[in-house]
Amino acid sequence: MKRAPFVALVFLGCATPRPEEPLSSSVRVRVVNGANVTVESPIRYAVVWTTKERGTKGFVTTADGPIEIGSPTTVPLSLPEARVRATLDPVESLAVTPFVNASVYRPRFVIYGDVNGDEHFEPAVLGRDGTDSILGVDDDFQPTPAALLDLDATLSRLSLSETRAFYDANGGRYTPFVWAAKAGDGLFLGSGIEVSVSVRDSIYPQTDLDCLRNVHRSSSIGFFAPSPPPAHAVIDASLDAKAVCGTTLTDCSSTDLSTVTPPTFEEDSAGDTQHLVQCRANDAFEFLLFLDTRIACEDCNCSASASSELFVTTPTNRPAWWPCGSTVPYCESSLPASAFDQECRTKG
Amino acid sequence: MATCGRLFRCVASAQLVAVTARAQVHADGRDAWTLLDRHLVNRQLFEQLHDDSQVFRLGRTLEPLTAAADVRIGTQQTFEHGSQSRFHGFYVLNTFGALRPFHGIDVNVNLTLLNPSASDGYRVSSDVRAGVALHGYYDLDIGDREPVRLDVFGTDLGLVTLGRGLLLEQTLSEGEVASARFHGFEARETFIGRALWQNDDVISLALRGLDQRVELSFVRWQFREETPEELAALRASAAPSSSLSVPSAQPKSASHYVGASVDVPFTKTLRVAVEYQARVGDGAPKNAVLARGDFLDGDLAGIGLHAGYQFRWYEAGFAPSRGLVPPSLRYNVPDLEDVYVTNPFEYFAVSDYFHQWSHTVMAEAIVPIFPVLKMVLNGEYVLRFAADRQTPERVVYLDGWGLFPGHADRLYYKLGLRVEPWRGFPHRVSALVTNKQVASGISVTDSETRRFEDGHFYLLQFEAFL
């Protein structure tokens, strides 16, 4: 070793570099299309950091790229600049240890349809006026990466053993990105391999993004909302309507089904408004049940509503348009005929 | 006037060494090149008390017994809104006793009574800690004009230093030491039952020559598996588990060191020491170096003065521990404030990640102002560096020093006035300001990963030496 640099090394310590900024990271993202949504425009991902400054919502993206349904894609993770970090919203508290909590932000993994083809995430939420469609956003039901907003401060509060465990968990990298899992109202260190984002034809992902993770959901919300008792039962004129409806079907009418124009038999289960059809039968009657559900979101409150219509006839009096057994298979179920059987639908 | 000046200096120098037992103690782990107080050692008490500097001891002439006691009481407060350290309204009574039934066996007992805090209530925190050192020594006649001197003692080893302090320095230890000395050469074996980690043992073999000036050494630093009782105690004292919690004990393993050191006194007041150690047997050797120079004059125109410098280099991975498991001490008493901050203890915690080096300047002065009044000035300036051995670098926070890699410096000081009103006796009252107070838990035997508290304190102390 040459003498001058060695002397400098020894006395001035000029070879003690410390990273000025934490390192970036990456995560695998997988797009799931369980609802068989048809997407016209190219699908892309965006890593979105939502902000709120003086009441005005906004966002920045730190990564944006193409992605295919089903194939995991490695997505880069990096912190936005300090000016943006100061306005991130929501900032959450992560329990790094039972005694150390740290402020974190969980970036949103957005799958969007690039409607205008400019390869740039421009939606119609978060203060923007774009045309890109939000197909899916990460959710709270899986661990996702979170960014420690002040990594040095967090490390300063960890014991040496905890610091070592921190580096063991992230491959020895000085990076603020850790896996975080939601449990109740708290965030805890978790572990993960990839982030799955489901695409759906629904207003919910864009609401979730626009509402900065603060969506109030009614307890009944879901994509298979339980069906309430039918709002309306139509009994064929050949039958005794009162006997068929009994006391459970209060809105009950009798008519010649051959003269009725029924609802469409085509099912639509991809979006927020769903139209489902089910046929049931017993020894005496045949039942045709239509279920319509709808998820509506307004001002960060999302709720589900449902209604159904039941047609009842006998095997010998089926009208010409009756689809059961042809376009709509029969469903075997132990539930009352007026109750839509979700399991039966899933098997069919 | 001249007579008055000579008398002044005479008294001053006697007072200066009054509480520094400078008798030759075998395997003495204390730092001989400092003006910080050197406390009695729990062996060879007869020899220590018969030194001219200990004439005031009441128990010098009680053969076959001898006894001594150092007692101090003190109160400590903080500047501004800092927190007091554990020893803030305290007494420490350090008693030493030895029985020598005949030349060849000493039974040494050190009984330390203490109460770190009067604030805890009447005698609530009073404690008694005992150490026993059975010392056997034998002159083996092999026909030469000089016999082979054989020594064995344990279990109270007091302060232990291996080599010149690169690997282990002034660490209170229990274990055993056995040695053979002949014509200025010495072969010494040391076993320490618990050095710096809960489940460690240290075994050292050293060969010294040329009147202790040169040493070759081999050290095995091993970690044994915890016994079920130790594991249960660790779990009981550990924090609740978290995803970032790791056990504090090291896995069963051993590290081996080979090294050499020299200590060259150029004059009675000036010396240079150098030590090199290499951790071997685990891939490429990991090296460490200590270089130290000291000037010490106890009576430089009446003033006691020490000025020293030391450089240390520890290559990453040198420490015997793996990972970032900090060393700890299990006996934390105010006497440890008379050990320099610069110590292997301060480097081993992050050794697995970083290369480390440091420059330390030590200085002490005892300046007589009047025959009964002295000014005490102690300072230790440490400038330390750390560089990660991997890229990209990792960042670690080291308690008391900040974030590494990088560099940090600290100045430790103890300044004040000391009054010794009883002429010829070293009993004293001191008023001091300092930022170097021992870190101790509720009990002095609580495991501590810091040696000193962080803060600025002022201290009033009354000490008597019996």
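Predicted, not measured: the structure shown is a model, and the values here were computed from it.

The rules behind these values
- Residues numbered from 1 in each chain as written.
- Chains lettered and ligands numbered in written order.
- Predicted model: local features only at pLDDT ≥ 70, side-chain atom pairs only at ≥ 80, totals over all residues.
- Heavy atoms only, no water.
- Helix = DSSP H or I, 4+ residues; strand = E, 2+ residues; numbered from the N terminus.
- Buried < 20%, exposed > 50% of the residue type's maximum accessible area, 1.4 Å probe, protein only.
- Contact = heavy atoms within 4.5 Å.
- Areas by Shrake-Rupley, 256 points an atom, 1.4 Å probe, with all protein chains shown as cover.
- Salt bridge = Lys/Arg side-chain N within 4 Å of Asp/Glu carboxyl O.
- Core = buried A, V, L, I, M, F, W, Y, C linked by side-chain atoms within 4.5 Å.
- pLDDT = per-residue confidence, 0-100.
- Patch = residues over 30% accessible without salt bridge, like charges linked within 9 Å, V, L, I, M, F, W, Y side chains within 5 Å.
- Phe/Tyr/Trp six-rings, centres within 6.5 Å; stacked < 30°, edge-to-face > 60°.
- Lys NZ or Arg CZ within 6 Å of the ring centre and 35° of its normal.
- Pairing = 2+ DSSP bridges.
- Axes fitted to C-alpha atoms, helices over the stretch in contact; angles between N-to-C directions.
- Disulfide = S-S within 2.5 Å.

Caption draft 1: Layout of the overall build of chain B. Regarding its fold elements, chain B presents four helices and 21 strands. Here chain B holds 466 residues, and the buried ones make up 54% of them. Sequence-distant contacts, at least 24 apart, represent 60% of the contacts inside chain B between residues at least 6 apart. Surface summary for chain B: the accessible area is close to 19600 Å², and the carbon and sulfur share equals 63%.

Caption draft 2: Up close: the overall build of chain A. Looking only at helices and strands, one finds seven helices and 18 strands in chain A. The burial tally for chain A puts 44% of its 348 residues in the buried class. Contacts spanning at least 24 positions in sequence make up 65% of the contacts within chain A whose residues lie at least 6 apart. Approximately 17200 Å² of chain A is accessible, and the part contributed by carbon and sulfur atoms is 50%.

Caption draft 3: Focus on the pattern of salt bridges. The tally for this structure, following the rule as stated, stands at 48 salt bridges over all chains. Between Arg129(B) and Asp127(B) there is a salt bridge, with its nearest N and O atoms 3.0 Å apart. Looking at Arg129(B), the relative accessible area reads 28%, which means it is partly exposed. Linking Glu215(B) and Arg208(B) is a salt bridge whose minimum nitrogen-to-oxygen distance equals 2.4 Å. Given the relative accessible area of 11%, Arg208(B) is considered buried. Each of Glu92(A), Arg106(A), Arg108(A), Asp138(A), Asp140(A), Lys182(A), Asp208(A) and Arg213(A) takes part in one network of salt bridges that share partners.

Caption draft 4: Examining the nonpolar core more closely. By size, the foremost hydrophobic cluster in this structure holds 34 residues, and its most contacted members are Leu94(A), Leu148(A), Leu155(A), Phe166(A), Tyr167(A), Val350(B) and Val396(B). If we skip the residues at most four places from it in the chain, Leu94(A) touches Val100(A), Asn101(A), Ala102(A), Val104(A), Leu148(A), Val178(A), Ala180(A), Leu187(A), Phe188(A) and Leu189(A). Ranked by size, the runner-up nonpolar core spans 28 residues in total, among them Ile192(B), Leu196(B), Trp197(B) and Val219(B).

Caption draft 5: Just the confidence of the model for chain B, in detail. Residues and elements named next belong to chain B. Looking at chain B as a whole, its pLDDT mean stands at 90, while 89% of the residues score no less than 70. Note that pLDDT drops below 50 for residues 1-22; the model gives that stretch 51 contacts with residues more than four away or on any other chain. Interface confidence for the predicted complex, given as ipTM, is 0.82, next to a pTM of 0.83.

Caption draft 6: Fine view of a nonpolar patch on the surface. Residues and elements named next belong to chain B. Residues Leu62, Leu65, Leu99, Phe102, Ile105, Val107, Val109, Leu111, Val128, Val132 and Leu134 make up a contiguous nonpolar surface patch of roughly 860 Å² in combined accessible area. Within the residue set of the nonpolar patch, elements represented by two or more residues are β3 (89-102), β4 (105-115) and β5 (127-140). The greatest single-element share of the nonpolar patch, amounting to four residues, is contributed by β4. Position of valine 107 relative to the elements: it lies in strand β4.

Caption draft 7: Spatial organisation of the packing of aromatic side chains. All chains considered together, the criterion is met by 27 aromatic pairs over all chains. Considering the side-chain rings of Trp197(B) and Phe348(B), the 6.2 Å spacing of their centres and the 15 degrees angle between planes classify their relative orientation as stacked. Note that Trp197(B) is positioned in the loop between β8 (185-192) and β9 (200-209) and Phe348(B) in helix α4 (residues 345-348), a separation of 151 residues in sequence. These aromatic residues form a ring-pair network of at least three members: Trp197(B), Trp221(B), Phe223(B), Tyr257(B), Tyr314(B), Phe318(B), Tyr347(B) and Phe348(B). Lying over the aromatic face of Phe59(A), Arg128(A) brings its terminal NZ or CZ to 4.0 Å of the ring centre. Positioned above the aromatic ring of Tyr347(B), the side-chain terminus of Arg384(B) is 5.1 Å from the ring centre.

Caption draft 8: Main features of the pairing of β9(B). Residues and elements named next belong to chain B. Of all 10 residues in β9, seven are buried, a share of seventy percent or more. Sheet topology places β8 next to β9; seven bridges connect them, and they run antiparallel. From the neighbouring strand, glutamate 189 faces β9, where its bridge partner is leucine 205. Where β9 folds back on strand β10 (residues 214-223), the antiparallel hairpin that results is connected by four residues, among which leucine 210 adopts a positive phi of roughly 50 degrees.

Caption draft 9: Structural context of the sheet that holds strand β6 (residues 100-105) of chain A. Residue and element names in this part refer to chain A. The sheet built from five strands closes into a barrel, its strands ordered β5-β6-β9-β10-β11 with mixed pairing. Averaged over all pairs of adjacent strands, the angle between their axes in this sheet comes to 50 degrees, without regard to strand direction. Here β6 pairs with strand β9 (residues 144-148) via two bridges, running antiparallel. Bridging across to β9, valine 104 finds its partner in leucine 148.

Caption draft 10: Focus on the state of the cysteines. Residue and element names in this part refer to chain A. Evaluation of the coordinates by the stated rule reveals four disulfides over all chains. Paired by a disulfide, cysteine 279 and cysteine 324 hold their sulfur atoms 1.9 Å apart. On the sign convention where negative means left-handed, the S-S torsion of about -80 degrees between cysteine 279 and cysteine 324 marks this disulfide as left-handed. Highlighted residues: cysteine 279 in strand β16 (residues 273-281) and cysteine 324 in the loop between β18 (301-313) and α7 (342-347), separated in sequence by 45 residues. We classify cysteine 324 as buried; its relative accessible area is 4%.

Caption draft 11: How the structure looks around the environment of Gly154(B). All names here are of chain B. The residue glycine 154 is located in strand β6 (residues 148-162) in this model. Separated by 38 residues in the primary sequence, glycine 154 and isoleucine 192 have C-alpha atoms spaced 9.7 Å apart. Aside from chain neighbours lying at most four places away, what touches glycine 154 is Val132, Ala133, Leu134, Gly175 and Glu176.

Caption draft 12: Layout of unusual backbone geometry. All names here are of chain B. Residue threonine 155 is reached from glycine 154 by a cis peptide bond, and omega for that bond is 5 degrees. Following the sequence through the fold, threonine 155 ends up in strand β6. Of note, alanine 301 is a non-glycine position whose phi angle comes to about 55 degrees, a positive value. Here alanine 301 shows up in the loop between β13 (286-300) and β14 (303-314). Overall, alanine 301 belongs to the exposed group, its relative accessible area being 67%.

Caption draft 13: Focus on the sheet that holds strand β4 (residues 73-77) of chain A. All names here are of chain A. Judged by pairing direction, the sheet is mixed, and its three strands sit side by side in the order β4-β1-β12 without closing on themselves. At either margin of the open sheet sits one strand with a lone partner, and together these are β4 and β12 (194-198). Between one strand axis and the next, the sheet turns by 40 degrees as a mean value, whatever way the strands run. Relative to β4, strand β1 (residues 25-32) runs antiparallel, the two sharing five bridges. Bridged to serine 25 within β4 is leucine 77.

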